[in-house]
Amino acid sequence: MFNYYLKLALISMRKSPILVFLMVFALAIGVAASMTTITVNYLSSKNPLPHKENNLFAVQLDNWSIEKSWREPDITPFHLTYIDANNLLSLGEKFKHSPIAQMDMPLESTSIDGEKKTFMAQAKSVSHDFFALFDVPFLYGQAWSKEDDKNSANLVVISEKTNNKFFSGANSVGKTLIYGGEVFTIIGVTKKRTFLPKLYATNVFMFAEPEDLYFPFSTQISLGWFNEGKSIYYCQKDKASDTYESLLQSECMWILFWAEFKDKAEKEQYQQFIDNYVSDQKALGRFPRPLDNRLTSIKTWFKYQNVTNKDTQILMWLAILFLCVCLFNTVGLMLAKFTGKSSEVALRRALGASKQSIFYQYLIESLCIGLCGGVLGMLLTFISLEYFKHIYTKLNDQVMTLNIELLLSGLLLSILATLIAGIYPTIKVSRTSACMQLRQK
Amino acid sequence: MLKMSGISKHFIVGNVKTQALHSFELEIKQGDFVAVVGPSGSGKTTFLNMTGMLEQPSFGQYEIDGVQVANLNDKESSRIRNEKIGFVFQSFNLIPELNVYDNVDVPLRYRHFSSKERKARIENALEQVGLAGRHKHFPPQLSGGQQQRVAIARALAGSPSIILADEPTGNLDSKMADGVMALLHDINKAGTTIVMVTHNDEQAQQAGRIVHISDGYLSESTPLQQAIA
């Protein structure tokens, strides 16, 4: 009977194309508005490393003033001071962890031939563990070693995009580039991937474009680099002077720190390690606040960073509300369409169709309308996401891209919405009295 | 085959009770041709609705082929209506978006026949009404008489034991009406019971039995020809 009902649905839809178009369009607009906001909301709050949910943690030490907490309500600083980052690295060699700092310097080719391709390259200075922590895939080469970290080697891992730009996609391992006026040897090339939101950043920077290159944190320190104008940093006390050494010895916090643990036991061991470390530092007159060292999960990190910020959520709920309005319109249009069918329904009832048969017939018609609305809705979602890419240029394009999961969700949402919209008109039409047919003269 | 005992029907609208049909007894045997006559508003349509199980009687017992059908649920009454009763309406009531073949197919679809069985029944029914070559035509492409023949084919296709015809020639000119009446008589001769509501005395006189309905009361008379014989 399904095929028969489907055939009847298509015939019925062809009979009143304007009414069907209005229903499909109302649904499509509602679905598109909802799916656009749901896509942005969902993709911007999705953990890019779900398999590391219980293994990967941000290290937060509460090195703020005694008077008040760093951020209300009770959030400890996201960044560490250089003293603490450096101490954790040297004292916790057995652990897998990495400091992460931001650098923006001009990157240029060492070749004197060809056109000059200098550009301001965004970089992260990290330790060798960073690549394993965040599952960074390699196209060529690999990460630098622990020894390279210790030796503050001038090594660099460049992105596929950078590699394409300077080396036309060829294997560039062993070749050199000039970054910030220093010559760096390329040791690896990362493969392009979707990694959003970037865990190892804060706030809107979690949606910034991928880095152009990575180099050792120790190298940044040995070169005396600090991105003062562009780095996020918080100082509970003023630096003693403006020298680089003074920055390193200050209580200014500018380095993010992430750690990965094999299991719960190792996590507990690390918690003990940082608690012991902070207790030792307290004895030296640092860390005035009560002991509050945190290993923050990815989920909590997202919450701290307002990844699912209230504005986006409000927008999403408004869009869902709009979908409801569209649904009410569809209910009205469907009622009008199905009421127009009451004489045919009465005839079918007289010829032996049960209420259930009529219900299924019109339910399938509703589903067909829903499917059309869904397909058009997803098309409109795609167009609106493309449009938003041009408006929200600060956000990474990938946040506004439909994947299969979202595409199917959109279709499902549309069908579900139509089912909800269609259920009342369908029940109503299936209750049409058959005897009215005989009364019609 | 069809037995109504103590059947009555009333409608209540607000506080007003309207007695559409007063208690009556009626038995129709297999192969009968019954004409139902009476003035407008006398209760003919209510009678036909109850006979076709489209309305439940307020009181009384109704049997079709020995099965009590007065208080069946929707699914069961739909099944019996589909299997045992065929309808022919004054205004044909064909579905304009479906072609002749698909219109005749409608009651068969609810019977869950195989497509082969349905095809055979549709072709046979259309041949019986003389429209074998009109499968692909749509109702608006046919004359009134042809449309009524399609409606009769639709009623016949399921091989019902009874055909209920509500003024089947009411919308036809006399020539077409004669053709339709001849067809109904042929079907009746083949053994199918026919209950036909009509305003036409001449047609009523051609029936085997005449049921008069007046102000909700049923009475029966013998057609003139039979009375003389």
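Owing to the predicted nature of the structure, the values given are computational and were not obtained by experimental measurement. Chains are numbered independently. Their residues run from 1 in the order of the written sequence. As they are written, the chains are lettered A onward and the ligands numbered 1 onward, keeping that order. Owing to the predicted nature of the model, reporting of local features is limited to residues with pLDDT of at least 70; listing and counting of side-chain atom pairs is limited to 80 or more, with chain, interface and lining totals taken over all residues. Calculated side-chain values reflect all of the structure's heavy atoms, with hydrogen atoms and water omitted.

Participant: Would you mind going over the layout of surface pockets with me for this structure?
Facilitator: Remark: the empty space left among the atoms is shown by a probe the size of a water molecule rolled over them. Residues and elements named next belong to chain A. Using protein atoms alone on a 1 Å grid, points that fit a 1.4 Å probe yet trap it form a cavity, whereas open point sets bounded by protein on both sides within 12 Å along at least five of seven lines form a pocket; residues with an atom within 4 Å of a point count as lining. Grid points are joined across faces, edges and corners, and a volume is the space filled by probe spheres set on the points. Its boundaries defined by the atoms lining it, the second largest pocket holds a volume of some 410 Å³. Along the wall of the second largest pocket there are 21 residues; nearest its centre are S159, K192, R193, P210 and E211. In terms of residue count, helix 6 (residues 160-167) provides more of the lining of the second largest pocket than any other element does, three residues in total. Looking at the lining of the second largest pocket residue by residue, the class counts come to eight nonpolar, five polar and eight charged. Secondary structure counts use DSSP, requiring at least four H or I residues in a row for a helix and at least two E residues in a row for a strand, with both numbered from the N terminus. Any residue that is not Ala, Val, Leu, Ile, Met, Phe, Trp, Tyr, Cys, Pro, Asp, Glu, Lys or Arg is counted as polar, Gly included; the first ten are nonpolar and the last four charged.

Participant: Hey, could you run me through the sheet that holds strand 4 (residues 59-64) of chain B in this one?
Facilitator: Within a sheet, each strand pairs with its neighbour through backbone hydrogen bonds, oriented either parallel or antiparallel. Residues and elements named next belong to chain B. Whether two strands pair depends on DSSP finding at least two bridges between them. In spatial order, the strands read 2-1-4-5; together these four strands make up an open sheet with antiparallel pairing. Only two strands of the sheet have a single partner each, and these edge strands are strand 2 (16-28) and strand 5 (67-68). Pairing analysis gives two bridges linking strand 4 to strand 5, with the strands arranged antiparallel. In the strand pairing of strand 5, E63 is matched with Q68. The contact criterion used throughout is that any non-hydrogen atoms of two residues lie within 4.5 Å. Inter-axis angles, ranging from 0 to 180 degrees, are taken between N-to-C directions of lines fitted to C-alpha atoms, where helices are fitted over the stretch in contact. This element, helix 1 (residues 44-51), spans strand 1 (2-13), strand 2 and strand 4 of the sheet and lies at about 120° to strand 1.

Participant: I would appreciate a short explanation of the state of the cysteines in the present structure.
Facilitator: As used here, a disulfide is simply a covalent bond connecting the sulfur atoms of two cysteines. Residue and element names in this part refer to chain A. Defined by distance alone, a disulfide is two cysteine sulfur atoms within 2.5 Å. The full count for this structure, using the stated rule, is one disulfide over all chains. Put simply, C235 and C252 are joined by a disulfide, and their sulfur atoms are 1.8 Å apart. Because the torsion about its S-S bond is 115°, the bridge between C235 and C252 counts as right-handed. You can see C235 sitting in strand 10 (residues 234-235) and its partner C252 sitting in strand 11 (residues 252-260), a full 17 residues away along the chain. For C235, a relative accessible area of 29% translates into the label partly exposed. Taking the relative accessible area as the measure of exposure, C252 reaches 0% and is therefore buried. The thiol of C326 is unpaired, and the distance to the nearest cysteine sulfur, on C324, comes to 9.1 Å. For C368, which is in no disulfide, the shortest distance to another cysteine sulfur is to C372 and amounts to 6.8 Å. Throughout, exposure labels follow a simple rule: accessible area from a 1.4 Å probe, protein chains only, divided by the maximum for the residue type, with under 20% read as buried, over 50% as exposed, and the rest as partly exposed. Since its relative accessible area comes to 13%, C368 is described here as buried.

Participant: Can you help me understand the packing of aromatic side chains in this one?
Facilitator: We describe a pair of aromatic rings using the distance from one ring centre to the other and the angle between the two ring planes. Pairing of aromatic rings covers Phe, Tyr and Trp, the last through its six-membered ring, and needs centres within 6.5 Å; plane angles under 30 degrees mean stacked, over 60 mean edge-to-face, and all others mean tilted. In this structure the tally under the stated criterion is 37 aromatic pairs over all chains. Ring plane angle 65° and centroid distance 5.4 Å describe the contact between A:Y270 and A:F273, whose orientation is recorded as edge-to-face. Of the two residues, A:Y270 and A:F273 are both situated in helix 9 (residues 264-283); the distance of three residues between them amounts to about one turn of the helix. Note on B:F24 and B:F47: the rings are 5.9 Å apart at their centroids and 55° apart in plane angle, and the pair reads as tilted. With a gap of 23 residues between them, B:F24 in strand 2 and B:F47 in helix 1 connect regions that are remote in the sequence. Among the residues examined, B:F47 registers a relative accessible area of 1% and is labelled buried. Whether a charge lies above a ring is judged from NZ of Lys or CZ of Arg, which has to be within 6 Å of the ring centre and within 35 degrees of the ring normal. Across the ring face of A:F119, the terminal group of A:K165 is positioned such that the distance to the ring centre comes to 4.7 Å.

Participant: So what exactly am I meant to see when it comes to the environment of A:F257 here?
Facilitator: All names here are of chain A. Mapped onto the fold, F257 is located in strand 11. Taking the C-alpha atoms as reference, F257 lies 6.0 Å from I100; in sequence the two are 157 residues apart. Every residue in contact with F257, bar those within four places of it in the chain, is listed here: F57, A58, V59, L80, A85, L88, L89, H97, S98, P99 and Y270.

Participant: Just checking my understanding: could you explain the environment of B:Q146 for this structure?
Facilitator: Residues and elements named next belong to chain B. Note that Q146 resides in helix 5 (residues 144-157). Distance in space between the C-alpha atoms of Q146 and L131 is 7.7 Å, their sequence separation being 15 residues. Beyond its immediate chain neighbours, meaning those up to four positions away, Q146 contacts L131 and R134.

Participant: What exactly am I supposed to notice about the pairing of strand 7 (residues 176-179) of chain A here?
Facilitator: Both faces of the sheet carry side chains from a regular strand, because those side chains alternate between them. Residue and element names in this part refer to chain A. As defined by bridge partners, strand 3 (residues 96-109) adjoins strand 7 across three bridges and the pair is classed as antiparallel. Across the sheet, the residue bridging to E108 is I178, located in strand 7. Here four bridges tie strand 7 to strand 8 (residues 182-190), and the two strands are oriented antiparallel to one another. In the sheet register, L177 faces strand 8, and the bridge partner there is F184.

Participant: Looking at this structure, I do not really get the nonpolar core. What am I missing?
Facilitator: Most often, soluble globular proteins have nonpolar side chains that are buried together. Core analysis: the biggest nonpolar cluster contains 63 residues, and B:M4, B:F24, B:F47, B:Y62 and B:V195 have the highest contact counts within it. The element best represented in this core is helix 1 (residues 2-15) of chain A, accounting for six residues. Not counting chain neighbours up to four residues away, the residues in contact with B:Y62 comprise B:L2, B:K3, B:M4, B:I7, B:M50, B:T51, B:M53, B:V67, B:Q68, B:V69 and B:A70. Core analysis: the second largest hydrophobic core is formed by 37 residues, B:A35, B:L131, B:L142 and B:A155 among them. Put simply, buried Ala, Val, Leu, Ile, Met, Phe, Trp, Tyr and Cys residues joined by side-chain atoms within 4.5 Å make one nonpolar core.

Participant: What is the right way to look at helix 6 of chain A in this model?
Facilitator: Because an α-helix packs 3.6 residues into every turn, residues spaced three or four apart end up facing the same way. All names here are of chain A. The complete set of buried residues in helix 6 reads T162, N163, F166 and F167. Buried positions in helix 6, seen along its axis, are confined to an arc of 100° and lie on one side of it. Backbone geometry just downstream of helix 6 places S168 in the positive-phi region, at approximately 55°. When we speak of the arc, we mean the arc of directions from the helix axis to the C-beta atoms.

Participant: I'm lost on the sheet that holds strand 3 (residues 33-37) of chain B in this one. Help?
Facilitator: All names here are of chain B. In spatial order, the strands read 6-7-8-3-9-10; together these six strands make up an open sheet with mixed pairing. One side of each edge strand has no neighbouring strand; the edge strands of this open sheet are strand 6 (85-88) and strand 10 (217-221). Averaged over all pairs of adjacent strands, the angle between their axes in this sheet comes to 20°, without regard to strand direction. Alignment of strand 7 (residues 162-166) against strand 8 (residues 193-197), held across five bridges, turns out to be parallel. In the sheet register, A165 faces strand 8, and the bridge partner there is M196. Contacting strand 6 and strand 7, helix 5 crosses the sheet at an angle of about 170° to strand 6.

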